[in-house]
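The chain contents come next:
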Amino acid sequence: MLEVNKVRKDFPILDVMYDGKRITYLDSAATSQKPVQVIDRVSEYYRNYNSNIHRGIYKISEKATEEYISSKEKAAKLINSGSYSEIVYTKNATDAINLVAASWGNKNIGKGDHILITEMEHHSNIVPWQMLAERKGAVLDYVSVDKSTYTLDEQSLEMGLENNPKIFAFTHTSNVLGTINDAKRLTKMAHKAGAAVLLDGAQSVPHMKVDVNEIGADFIAFSSHKMLGPAGIGVLRAGRDVLEKMDPLITGGDMILSVEKHKSTWNSLPWKFEAGTPNVEGGIGFGAAIDYLNMIGLDDIRRHEIELTKYAIESLEGEKGLHIYGPDRLDIKGGIVSFSIDRAHPHDIATIFDSFGIAIRAGHHCAMPLVKSVLELPAVARMSFYLYNDEEEVDQAVQAIKKVKEIFHVG
Ligand SMILES: Cc1ncc(COP(=O)(O)O)c(C=O)c1O
């Protein structure tokens, strides 16, 4: 069982006072807080062995290289991937998806081909495909979201796959609805229709065990900063056979084997995709974040988030004028509670929460097609939970919601 009081002690920011109040951080879907173990590992790098990797034939560069590679090994193990050569470090999940759309897409998508995504995607899994479709004269199709269950519409999914798309790119967990899609089943269906699969794991890998081997997706993308690690580092994971056939997108130092005046050859995997000096401290800190998640246990983290989500929803039951968007079934819902309150704009809701010292996000959450066409709203407010949140913080959020209702004369 997760001992939340013990966990909280590892996160220094949770003790910092702002206007006399400790912060109640309910915005981990945007970015997560960092435990002292990650902060210390990054600081240790700067203090003791700051150097460039791969290049120096001296001790501290060898140490930095070892630590950087070791973090890739940890990332590979975390998702049950093969060797670290399948782990390409990018800036973030967005960068990873863009790499697939631009490199793999450039080779594999042609005029009239179909690309399939869903209405519940983050912009990072929409815009790269829009651009690719435009460049190639391909067709971008959407699987619609069922407005009563907040899950993917089965009929629309089947129709989308009937077009034999070249790729089906979908999110594992929606950052607005919290809906967890059955990645293994969807991947199987897509493969049967002849499509490659890109799984957006930005909101799933930080919160539950994700086994890419079992799921079978061709690509998975996720971000370190959403899973206790530093910003500026993300993962694109794909099989060696797939990565070998892809061209690098960014070229220059480190990603080459040899450079002649008019021709170059590429470095081995994964370095072929990592041109220039990488985010060494980010990679090393990410390794520490993975160590921390493993120490706590992703199954316990998932259970803790289910309990908090259940507690939040039960605490808010019967609140007049309050609307919660997302599946009722907790087994297919992440620790995300998006909501609106009659007459109150989500930005006003977030401002009132802030006066309580509670950080939540309000807006379209980089998922405009979902918020606008499915929820039919300009914006929603969102609370999102992680391993360091507790029931007392949920109680504070409930009080803040009551205050919003009082101010706006709701209910
Ligand atoms: C579902 C989903 N996919 C992708 C992203 C993009 O992540 P990043 O901004 O780290 O690239 C996010 C970020 O919120 C997300 O929630």
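Overview of the structure. Throughout, residues of each chain are indexed from 1 in the direction in which the sequence is written. In view of the model being predicted, local features appear only for residues whose pLDDT reaches at least 70, and side-chain atom pairs are presented and counted only at 80 or more, with totals across whole chains, interfaces and linings using the full set of residues. Excluding hydrogens and water, the side-chain values take into account all heavy atoms of the structure.

Only DSSP runs of H or I reaching four residues or more are called helices, and only runs of E reaching two or more are called strands; each is numbered from the N terminus. A tally of regular secondary structure across the protein gives 14 helices and 17 strands. This radius of gyration counts C-alpha atoms alone. The globule rule is 2.2 Å times how many residues there are, raised to the power 0.38. Relative to the compact-globule value of 22 Å for 411 residues, the protein shows a C-alpha radius of gyration of 22 Å, a close match. Taking the principal axes of its C-alpha atoms as reference, the protein extends roughly 75 × 55 × 35 Å. Burial here depends on accessible area, computed with a 1.4 Å probe over protein chains only, as a share of the maximum for the residue type. Under 20% is buried, over 50% is exposed, and the range in between is partly exposed. Burial analysis of the protein (411 residues in total) assigns 56% to the buried set. For the protein, restricting intrachain contacts to residue pairs at least 6 apart in sequence, the fraction spanning at least 24 positions comes to 72%. Method for areas: the Shrake-Rupley scheme with a 1.4 Å probe, in which residue coverage is limited to the protein chains shown. Of the roughly 17900 Å² of accessible surface on the protein, 51% is carried by carbon and sulfur atoms. Any pair of residues with heavy atoms lying within 4.5 Å of one another is described as a contacting pair.

We now examine the site of the ligand. Neighbouring residues are identified by heavy atoms, a residue being near a molecule or strand if any of them is within 4 Å of it. Close to the ligand lie 15 residues; T94, D200, S223, H225 and K226 are nearest. Within the side chain of D200, one N or O atom sits 2.5 Å away from a nitrogen atom of the ligand. Side-chain atoms alone can form a polar contact between residues adjacent in sequence; in general such a contact is a pair of N or O atoms within 3.5 Å, and within protein one must be able to donate a hydrogen while the other accepts it. Contacts to the ligand include K226, whose side-chain N or O atom sits 2.6 Å from an oxygen atom. Taken by itself the ligand offers 390 Å² of open surface, and the protein chains cover 89% of this.

Before going further, it helps to examine the sheet that holds strand β6 (residues 139-143). The pairing of strands in a sheet comes from backbone hydrogen bonds and takes either a parallel or an antiparallel form. The sheet built from seven strands is open, its strands ordered β4-β10-β9-β8-β7-β5-β6 with mixed pairing. Two strands in the sheet have a free side with no partner beyond their single neighbour: β4 (87-90) and β6. Put simply, the sheet's adjacent strands are angled 20 degrees from each other on average, direction ignored. When strand β9 (residues 219-223) meets strand β10 (residues 234-238), the two strands line up antiparallel, connected through five bridges. Within β10, the position partnered with A221 by the bridge is L236. Each axis is a line fitted through C-alpha atoms, taken for helices only over the stretch in contact, and angles between the N-to-C directions span 0 to 180 degrees. Where helix α6 (residues 154-162) meets the sheet, its contacts fall on β5 (114-118), β6 and β7 (167-171), and the angle it forms with β6 comes to roughly 160 degrees. Strands pair, by our definition, only if DSSP identifies at least two bridges between them.

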